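What the coordinates show
Each chain, letter by letter, is given below.
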Amino acid sequence: MITFDGVTKRYPDGTVAVDELSLEAPTGEITVLVGPSGCGKTTSLRMINRMIDPSAGRILLDGADVTTVDPPTLRRGIGYVIQQAGLFPHRKIVDNVATVPYLLGWDRKKARSRAMDLLELVGLDPGLAGRYPFQLSGGQQQRVGVARALAADPPVLLMDEPFSAVDPIVRASLQDELLRLQAELNKTIVFVTHDIDEAVKLGDRVAVLRVGGRLAQLAAPAELLAEPADDFVREFLGRDRGIRRLSFIPADGLSLRTDLVVPVSADVSSVRGTAEAWLAVVDAEGGPLGWIAPKDLPDSGGTLAEVPAAPYGTFVRGRDSLRAALDATLLSPSGNALAVDGSGRVEGVVTREALGEALTRIAEDARG
Ligand SMILES: Nc1ncnc2c1ncn2[C@@H]1O[C@H](COP(=O)(O)OP(=O)(O)OP(=O)(O)O)[C@@H](O)[C@H]1O
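Everything in this summary refers to the structure shown in the same document. Values in this document were obtained by computation on a predicted structure and should not be read as measured data. (Residues numbered from 1 in each chain as written. Predicted model: local features only at pLDDT ≥ 70, side-chain atom pairs only at ≥ 80, totals over all residues.)

Details of the site of the ligand
Close to the ligand lie 13 residues; Tyr11, Ala17, Ser37, Thr42 and Thr43 are nearest. Looking at the shell around the ligand element by element, the count peaks at three residues for helix α1 (residues 41–48). Taken together, the residues of the shell around the ligand break down into three nonpolar, eight polar and two charged. (Near = placed C-beta within 6 Å. Helix = DSSP H or I, 4+ residues; strand = E, 2+ residues; numbered from the N terminus. Nonpolar A, V, L, I, M, F, W, Y, C, P; charged D, E, K, R; others polar.)

Here it is, written out as structure tokens:
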């Protein structure tokens, strides 16, 4: 656990970058520091590994004041990832990743083999190991930066806007990769960003700072979106707060209709007459094929395979959020969503009415 206890940083020119900051970054969790430019995020982060020392207050790492530990020893247990990866341009990728193990005196073979394992862990082709940083894309370089920070298996990882220099698609995949890694590694991560969407996606807890280095709110993302502490936080969270909140509400409570799911082998005549709503057509394995509207059922015989099916959207009921369910309804001309299980088999239909009821309940909760 990392504890900020009344930490203030006043630079020699009098700028107060951080002002009596108190917060805890729990062990094994991702704590995000977010806020507008100049609010003291980087200064706060760098006080943890003593690149900067506080003017007042204390930072404790598992109860020990970091200023009592000499910086090299301290940093052995703290990985550090920065924007644009900060790789050594004249060292091969494998040697960049092995930097800390070399410093720790590991033998070359062991350090390199660790580096190769890490490249794989962060999703990079080991074939890139012999290249130089300039021969990699921005996203690949960031992955190398993460691998390098993890090389000596430090319990703590500090990440300062690590993904902000890459395009949005690469950024999203790096974020997913970090979450996947974290599920495996359980590091204590402090992550700095100015991007609130990144903060709520990655953070177990999000600390919103205002300029002057004051903590405006510290909360789990869902709570932050549901109950911003004041106008500053509300404005910083920006538009679509209600919709974004749906990402944190599981879809597993939605009620399902199984009577609207029909196999493609069914005869048209067997469903005609009984069908008052759109039907979800599935293949022999239960996989979705599309929607058929009652009015599109032909008068002739034959099976549903002969009736063209309209596009559909799915969500995984045991895993996805209400936002995914809402998205699935918007992708289906039926206005209904298909709930599937982990292997893609249809479990049932969530009608727009069922979804509407769930959304109404949430809106009522927000009011009361
Ligand atoms: N060495 C320094 N001397 C004087 N003032 C500094 C120094 N470093 C940073 N500052 C000031 O301290 C404040 C906080 O800076 P810091 O870099 O921690 O903010 P930040 O939130 O990380 O900003 P950004 O998102 O723009 O990177 C800013 O006003 C900055 O100008």
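Brief notes about the nonpolar core
With 65 residues, the main nonpolar core has Val32, Ile48, Val97, Ala147, Ala151, Leu158 and Val190 as its most contacted residues. Sorting elements by how many residues they give to this core places helix α6 (residues 138–150) first, with five residues. Dropping the residues within four chain positions of it, Ala147 is found in contact with Val97, Leu118, Leu119, Leu121 and Val122. Residues Val282, Leu304, Tyr312 and Ala358 belong to the second largest nonpolar core, which totals 26 residues. (Core = buried A, V, L, I, M, F, W, Y, C linked by C-beta atoms within 7 Å. Buried ≥ 20, exposed ≤ 12 C-beta atoms within 10 Å, placed from the backbone. Contact = placed C-beta atoms within 7 Å.)

Here we look at the sheet that holds strand β10 (residues 214–219)
Pairing is mixed in the open sheet, where six strands are placed in the order β6-β7-β8-β3-β9-β10. Each end of this open sheet is capped by a strand with a single partner; those strands are β6 (78–82) and β10. Pairs of neighbouring strands in the sheet enclose a mean axial angle of 15 degrees, with direction left out of account. Where strand β3 (residues 30–34) meets strand β8 (residues 188–193), five bridges bridge the pair, whose relative direction is parallel. Note that in β8 the partner of Leu33 across the bridge is Val192. Across the sheet, α1 touches β3, β6, β7 (156–160), β8 and β9 (205–210), and the angle it forms with β8 is around 155 degrees. Contacts between α6 and the sheet are confined to β6 and β7, with β6 contributing the most and set at about 165 degrees to the helix. (Pairing = 2+ DSSP bridges. Axes fitted to C-alpha atoms, helices over the stretch in contact; angles between N-to-C directions.)

So, α6
Taking 1.5 Å of rise per residue, 13 residues should cover 18 Å, and α6 covers 19 Å from first to last C-alpha, within 8% of that figure. Three or more residues of α6 are buried, namely Gly139, Gln140, Gln141, Gln142, Arg143, Val144, Gly145, Val146, Ala147, Arg148, Ala149 and Leu150. Buried residues belonging to α6 abut β6, α3 (93–97), α4 (99–103), α5 (108–121), β7 and α7 (168–185). (Expected span 1.5 Å × (residues − 1).)

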